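Chain by chain, the residues run as shown.
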Amino acid sequence: MNKLSCEIVRDLLPLYYDEVCSADTRKSIEAHLATCEHCTADLHKLQQSSSLPFEVIEKNKQESTALASFKGYWHRSRAAAFARGLLLATTICGFIGLGYVGLFRWNITEVPSSVIEISDVSRLKDGKIAYHVKLTDGYRVNQIRGKSEGDGNFYITPMRPVFKAKTDAELGLGNRYELIDLEQLNANHTDPSTQIKAIYYGPKDDNPILIWKQGMQLPPATDAVEAQFTDRD
């Protein structure tokens, strides 16, 4: 076989090192290496680069595994953090919503008797009691609550939210004629001892205004007042 040049030997060194070249080629390369220091040095470099110590390979493998684990943990942590953040944001929004409803919508505040005016109390032809109520503080009333205390006293109390709003109408729950059906109220109290004996307008513990009590003679309603409730019917 012809003598190989250094260029050819360098190209064949990987095949020689992996032992995948023919026997004749192997003999030619070994003959060349016996006389060429440069190609022999290249073979040593190939052996060193291809034969990393087991510890180095294992270390690289562990570092790769650790990196993959950290990446997985990072993604899981981000997902968990997002879920916690979403839950926290939902909870905060819920509290804000409840707070808003509680402060601006729920009618939990009693209107004080000091801003309540009751006038024109009279009795309609059908026996019902009519009266005019007006709130003088200029704020809206959202609800009227009626409650019997079981002692014969019945309290009618206007209610509004904690944060009250100015009224935008001349007529409404805070300025109009109201009607009391005493017969219907007593129909809900079968025990004679709990029959309605007095009706008050305003909070029980805030000097409520007496509208009617048992034995009180009320003047007959005027035609204008009668018409108020005829129109409503």
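All residue numbers refer to position in the chain's written sequence, counted from 1. In keeping with the predicted nature of the model, local features appear solely for residues at pLDDT of at least 70, side-chain atom pairs appear and are counted solely at 80 or more, and the whole-chain, interface and lining totals rest on all residues. Hydrogen atoms and water are omitted, and side-chain values are computed over all heavy atoms in the structure.

Caption draft 1: Spatial organisation of the overall build of the protein. The secondary structure content of the protein amounts to six helices and eight strands. Helix and strand definitions follow DSSP, with helices as H or I runs of at least four residues and strands as E runs of at least two, each counted in order from the N terminus. Secondary structure elements in the protein, listed N-terminal to C-terminal, are α-α-α-α-β-β-β-β-β-β-α-β-β-α. Here the protein, with 233 residues, has 27% of them falling under the buried criterion. Two residues qualify as a contact provided that any one of their heavy atoms is within 4.5 Å of a heavy atom in the partner residue. Taking contacts inside the protein between residues at least 6 apart in sequence as the whole, the part at least 24 apart equals 64%. Only protein chains enter the area calculation, which uses a 1.4 Å probe; residues under 20% of their type maximum are buried, those over 50% are exposed, and those in between are partly exposed.

Caption draft 2: Spatial organisation of unusual backbone geometry. Positive phi, normally seen in glycine, also occurs at D120, with a value near 55 degrees. By the secondary structure assignment, D120 is in strand β2 (residues 116-123). We note that N207 has phi near 50 degrees; this positive angle belongs to a residue other than glycine. Relative to the elements of secondary structure, N207 occurs in the loop between β7 (198-201) and β8 (209-213).

Caption draft 3: Structural context of a nonpolar patch on the surface. Residues W106, I108, V162 and F163 make up a contiguous nonpolar surface patch of about 410 Å² in total accessible area. A relative accessible area of 45% places W106 in the partly exposed class. In this analysis, a patch consists of residues with relative accessible area above 30% that form no salt bridge, clustered at 9 Å for like charges and at 5 Å for the nonpolar side chains Val, Leu, Ile, Met, Phe, Trp and Tyr. Note on areas: Shrake-Rupley with a 1.4 Å probe; residue coverage comes only from the protein chains shown. Note on definitions: salt bridges are taken to be side-chain nitrogens of Lys or Arg within 4 Å of carboxyl oxygens of Asp or Glu.

Caption draft 4: Quick look at the sheet that holds β2. Reading across the sheet, the three strands line up as β2-β3-β6 and stay open at both edges, with antiparallel pairing between neighbours. In this open sheet, the two strands that pair with only one neighbour each are β2 and β6 (175-180). Geometrically, the sheet is characterised by an average inter-axis angle of 25 degrees between neighbouring strands, direction not taken into account. Inspection of the sheet shows strand β3 (residues 129-135) paired to β6 by six bridges, in the antiparallel sense. Of the residues in β6, the one forming a bridge with V133 is R176. For two strands to count as paired, DSSP must find a minimum of two bridges between them. Lines fitted to C-alpha atoms define the axes, with helix axes restricted to the stretch in contact, and inter-axis angles between N-to-C directions lie between 0 and 180 degrees.

Caption draft 5: Broad picture of helix α1 (residues 6-18). Each helix should span, by expectation, one fewer than its residue count multiplied by 1.5 Å. If you check α1, its first and last C-alpha atoms are 19 Å apart, about what 13 residues at 1.5 Å a residue would give, namely 18 Å. One fitted axis covers the seven residues ending at a residue, a second covers the seven starting there, and the bend at that residue is the angle between these axes. Maximal helix bending in α1 amounts to about 45 degrees, located at L12; proline P14 follows within four positions. Listed as buried for α1 are V9, L13 and Y16. One or two positions beyond α1, positive phi appears at E19, with a value near 60 degrees.

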